[in-house]
Amino acid sequence: MKLLFGSFLLHEEFRASLAEVCFRVHSVYPDLKVFLGMDTDNNSAPDVCAAVESKDETESFTKVTSKKKQKRKREQDGVGMDTAESVASKRPHFPPISGDQLKGPDEMRKIAVPAHRYTPLKENWLKIYTPIVENLQLQVRFNLKTRNVEIKTCKETQEISSLTKAADFVKAFVLGFQVEDALALIRLDELFLESFDVTDVKPLKGDHLSRAIGRIAGNGGKTKFTIENVTKTRIVLADTRIHLLGSFQNIKMARTAICNLILGSPPSKVYGNIRAVASRTAERF
């Protein structure tokens, strides 16, 4: 298609605006060719059209590089390596710490011993002393003035958790557990101690409290032994105080059974419940 303007004399400003209109028309309709006819010079029309086409070509073929290409080019030029090195240089550098500096000063734990546990502690002192000193590499003594068992770290102590294990071991013995049962706290990491009072579950007094404790113990300790065997825990009945030793899940089962006995459930029903829970737990693992 060709669009011809008649040959008449154009003003210079009108001529410039007409050239801009021709450029815009050509950008919308590229097949349309526009010629401006002039009376003064016939050869000027092709020059205007060529100028319009050259201006269109220069603006239509402007290339824009994508961000991925720019990033790839920066990495090839080594700009990315410079930034990584600058970040690495800003990070602080700390030398490794020796074991003596990590331990810090010597720590001590004190475990109070009640009067009724003096004699058992004296009789079993060698069994308590041996694993703490030889296995855990700690120092232990019984202070006669303050009636406390004092456990202290030394240079030979290798593990930081040894002090906590030894304190739990002595505390379990003081609460009434056998030395063989309390030794499991040193050998295994997933054992815990828990204590609660009968009156925390239900405020009982007089004969009602005595009967609740009797239901927990059973005839000759039968109920207590059954709960221990099914839940794989150890239970100590110290008057109205109850102490449990075992893993978290097993302590939870034993505590639930004891609470049901305190609230008045018959032992036969409690047996059935804890056996069902224990069987489900065994199947799960």
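Relevant structure appears above.
In this report, the structure presented in the accompanying data block is examined. (Residues numbered from 1 in each chain as written. Predicted model: local features only at pLDDT ≥ 70, side-chain atom pairs only at ≥ 80, totals over all residues. Heavy atoms only, no water.)

This part takes up the nonpolar core. Core analysis: the biggest nonpolar cluster contains 26 residues, and Ile128, Ile132, Val149, Ile151, Phe169 and Val170 have the highest contact counts within it. Mapped by element, the contributors of at least two residues to this core are helix H7 (125-135), strand E5 (148-152), helix H8 (162-175), helix H9 (179-182) and helix H10 (184-187). Tallying contributions element by element places H8 first for this core, with eight residues. The next biggest cluster of nonpolar side chains, apart from the first, holds 18 residues, and it includes Ile235, Ile242, Ala257 and Val270. (Core = buried A, V, L, I, M, F, W, Y, C linked by side-chain atoms within 4.5 Å. Buried < 20%, exposed > 50% of the residue type's maximum accessible area, 1.4 Å probe, protein only. Helix = DSSP H or I, 4+ residues; strand = E, 2+ residues; numbered from the N terminus.)

This part is about the layout of surface pockets. Roughly 210 Å³ of volume is contained in the second largest pocket. Lining the second largest pocket are 11 residues, and of these Thr231, Lys232, Asn250, Met253 and Thr281 sit closest to its centre. Breaking the lining of the second largest pocket down by element, the ones donating at least two residues are helix H13 (222-231), helix H14 (248-262) and helix H15 (267-284). Tallied by class, the residues present in the lining of the second largest pocket amount to five nonpolar, five polar and one charged. (1 Å grid on protein atoms, 1.4 Å probe; cavity = no way out; pocket = protein on both sides within 12 Å on 5 of 7 lines; lining within 4 Å. Points joined across faces, edges and corners; volume = space filled by probe spheres on them. Nonpolar A, V, L, I, M, F, W, Y, C, P; charged D, E, K, R; others polar.)

With that settled, the discussion passes to the packing of H13 against H14. Relative orientation of the contacting elements H13 and H14 amounts to 150 degrees, with a least axis distance of 9 Å. In terms of their interaxial angle, H13 and H14 are classed as roughly antiparallel. The way H13 lies across H14 gives a crossing that is right-handed. Where H13 abuts H14, its residues Thr223, Ile227 and Thr231 lie against Asn250, Met253, Ala254, Ala257, Ile258 and Leu261. Looking at the contact of H13 with H14 residue by residue, the class counts come to six nonpolar, three polar and no charged. (Axes fitted to C-alpha atoms, helices over the stretch in contact; angles between N-to-C directions. Parallel < 35°, antiparallel > 145°, perpendicular 65-115°, else oblique. Left-handed = near helix turned anticlockwise from the far one by under 90°. Contact = heavy atoms within 4.5 Å.)

Right, let's get into unusual backbone geometry. With phi around 60 degrees, Arg147 is a residue other than glycine that occupies positive phi space. The topology assignment puts Arg147 in the loop between strand E4 (139-143) and E5. Residue Arg147 is classed as partly exposed on the basis of its relative accessible area of 36%. Residue Lys232 is not a glycine yet carries a positive backbone phi of 60 degrees. As for its position among the elements, Lys232 is in the loop between H13 and strand E7 (234-238). Here Lys232 falls in the exposed class, since its relative accessible area comes to 66%.

Given two aromatic rings, their pairing is described by the distance between the two centres and the angle made by the two planes. For the coordinates displayed, the defined rule picks out one aromatic pair. A centroid spacing of 6.4 Å and a plane angle of 65 degrees characterise the contact between Tyr118 and Phe142, whose relative ring orientation is edge-to-face. Residue Tyr118 is located in helix H6 (residues 118-123), and its partner Phe142 is located in strand E4; the two are separated by 24 residues in the primary sequence. Just above the ring of Phe173 sits the side chain of Arg117; from NZ or CZ to the centre is 4.8 Å. (Phe/Tyr/Trp six-rings, centres within 6.5 Å; stacked < 30°, edge-to-face > 60°. Lys NZ or Arg CZ within 6 Å of the ring centre and 35° of its normal.)

To continue, consider the pattern of salt bridges. What the rule picks out here adds up to six salt bridges. Between Glu150 and Arg141 there is a salt bridge, with the nearest N and O atoms lying 2.7 Å from each other. Its relative accessible area of 6% is what places Glu150 among the buried residues. Measuring nitrogen to oxygen at the nearest pair gives 3.5 Å for the salt bridge that ties Asp181 to Arg234. Of this pair, Asp181 sits in helix H9 while Arg234 sits in strand E7, and the two are 53 residues apart along the sequence. (Salt bridge = Lys/Arg side-chain N within 4 Å of Asp/Glu carboxyl O.)

With 14 residues, H8 ought to run about 20 Å at 1.5 Å a step, and its terminal C-alpha atoms sit 20 Å apart, in line with that. All buried positions along H8 are accounted for by Ser162, Leu163, Lys165, Ala166, Ala167, Phe169, Val170, Ala172, Phe173 and Val174. The positive-phi residue at the C-terminal boundary of H8 is Gly176, with phi of around 125 degrees. (Expected span 1.5 Å × (residues − 1).)

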